Amino acid sequence: MMVMGIIFGLIFAMNLWLQGVENNYRRYASEKTNGRVVILARNVTNEVSVNPTDTKPTLGRSEMIKDIETCGGTILDDVTFYGAYDGVVLPQHVVEEAIEVDINTAPADAMPILVTTSLGEYLLERRYTDQQHQATTAAAKQKDYEEYRKAIIGKTFTDTYGAKYFVVGTAVDNFGVSGFSFRQLEKGNDNVLNYILQNISSVNEKA
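In short, a report on the structure.

Criteria and thresholds
- Residues numbered from 1 in each chain as written.
- Predicted model: local features only at pLDDT ≥ 70, side-chain atom pairs only at ≥ 80, totals over all residues.
- Heavy atoms only, no water.
- Axes fitted to C-alpha atoms, helices over the stretch in contact; angles between N-to-C directions.
- Helix = DSSP H or I, 4+ residues; strand = E, 2+ residues; numbered from the N terminus.
- Parallel < 35°, antiparallel > 145°, perpendicular 65-115°, else oblique.
- Left-handed = near helix turned anticlockwise from the far one by under 90°.
- Contact = heavy atoms within 4.5 Å.
- Nonpolar A, V, L, I, M, F, W, Y, C, P; charged D, E, K, R; others polar.
- Phe/Tyr/Trp six-rings, centres within 6.5 Å; stacked < 30°, edge-to-face > 60°.
- Buried < 20%, exposed > 50% of the residue type's maximum accessible area, 1.4 Å probe, protein only.
- Salt bridge = Lys/Arg side-chain N within 4 Å of Asp/Glu carboxyl O.
- Pairing = 2+ DSSP bridges.

What to know about the packing of helix 3 (residues 117–124) against helix 4 (residues 138–152)
Two numbers describe how helix 3 lies on helix 4: the axes approach to 11 Å, and their chain directions differ by 65 degrees. Compared by their axis directions, helix 3 and helix 4 come out roughly perpendicular. Helix-helix and strand crossings are classified by hand; for helix 3 and helix 4 the assignment is left-handed. Contact with helix 3, carried on its side by Thr-117, Gly-120, Glu-121, Leu-123 and Leu-124, involves Tyr-148, Ala-151 and Ile-152 of helix 4 and no other residues of that element. Along the lines of polarity and charge, the residues of the contact of helix 3 with helix 4 split into 5 nonpolar, 2 polar and 1 charged.

Quick look at the structure:
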């Protein structure tokens, strides 16, 4: 009985430790938006279902607004998209903490934007985070990230439609590191904690 008690105690303590690690990480990751999450809600009332027998109810604008406000959310505005990448235009005060470059220095014809890793790689026409190009050591990953930031932040880019973007910072993202396992940083790392840490996911641009 005592042995079982010790085992359960260890499991409980480990769960508390894991939850603490995850909570601290998420608090740090959300600093750029002061803990707020921006959600894009689409009106699907007029969308045509691919399944003619689909009887699932659809939500209209008023229903979506009611659901958001019931859950403590705030309606910022109607969604506006910009450029070939369907970038969502947000009020500056919502992402103020993520802005690293003075917006007033942006060219008059360029839209200030925060980039995700995938968009940044696309604009730079260089891959850093896919399996083929991803660095295999922590030092190399750090070097790649610093190089990426230097190449993207404060620079102006033009898409295929002629829309211009001025990068003022990075959106909350993970730069190809999807979890806390040491294998995410060092290829072949066999740290015994990997089996536990791999259960903690990092923030990603689609979350």
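After that view of the structure, there is still more to cover.
Brief notes about the packing of aromatic side chains
Applying the stated rule across the entire model yields 2 aromatic pairs. Seen in terms of ring centroids, Tyr-128 and Tyr-148 are 5.7 Å apart; in terms of plane orientation they differ by 75 degrees. Their pairing is edge-to-face. With Tyr-128 in the loop between helix 3 and helix 4 and Tyr-148 in helix 4, this pair connects stretches of sequence that are 20 residues apart. With centroids separated by 6.5 Å and ring planes inclined at 25 degrees, the aromatic side chains of Tyr-145 and Tyr-148 adopt a geometry described as stacked. With Tyr-145 and Tyr-148 both in helix 4 and 3 residues apart, this pair spans about one turn of that helix. Of the residues examined, Tyr-145 reaches a relative accessible area of 29% and is grouped as partly exposed.

Considerations on helix 3
Taken together, the buried positions of helix 3 are occupied by Thr-117, Leu-119, Gly-120, Glu-121 and Leu-123. Contact partners of the buried residues in helix 3: strand 3 (110–115), helix 4 and strand 4 (156–158). In the segment just after helix 3, Glu-125 is the residue with positive phi, at about 55 degrees.

With respect to the environment of Pro-107
Structurally, the position occupied by Pro-107 is in the loop between strand 2 (87–88) and strand 3. Residue Pro-107 is classed as partly exposed on the basis of its relative accessible area, which comes to 31%. Separated by 49 residues in the primary sequence, Pro-107 and Thr-156 have C-alpha atoms spaced 8.1 Å apart. Residues contacting Pro-107, with those up to four places away along its chain left out, are Thr-156 and Phe-166.

Focus: the environment of Leu-40
In this structure, Leu-40 sits in the loop between helix 1 (2–29) and helix 2 (61–70). We classify Leu-40 as partly exposed; its relative accessible area is 36%. Considered as a pair, Leu-40 and Val-88 are 48 residues apart in the sequence and their alpha carbons are 8.6 Å apart. Those residues in contact with Leu-40, other than ones at most four positions away along the chain, are Val-79, Phe-81 and Val-88.

Describing unusual backbone geometry
Phi at Glu-125 takes a positive value of approximately 55 degrees, unusual for a residue other than glycine. Within the element layout of this structure, Glu-125 appears in the loop between helix 3 and helix 4. Of the residues examined, Glu-125 reaches a relative accessible area of 74% and is grouped as exposed.

A closer look at the pattern of salt bridges
Once the charged atoms of two side chains with opposite charge are near each other, the side chains can pair. Taken as a whole and assessed by the stated rule, the structure comprises 4 salt bridges. With a closest N to O distance of 3.0 Å, Glu-121 and Arg-127 form a salt bridge. Residue classification places Arg-127 among the partly exposed residues on the basis of a relative accessible area of 38%.

Some thoughts on the sheet that holds strand 5 (residues 164–170)
The strand order across the open sheet built from 3 strands is 3-5-4, with neighbouring strands paired in mixed fashion. Edge positions in the open sheet fall to strand 3 and strand 4, since each of these has one partner strand only. With strand direction ignored, the average angle separating the axes of adjacent strands in the sheet is 40 degrees. Here strand 3 runs beside strand 5; their pairing, made up of 6 bridges, is parallel. Its bridge partner being in strand 5, Ala-110 is matched across the sheet by Lys-164. Of the strands in this sheet, strand 3, strand 4 and strand 5 are in contact with helix 4, which crosses strand 5 at around 140 degrees.

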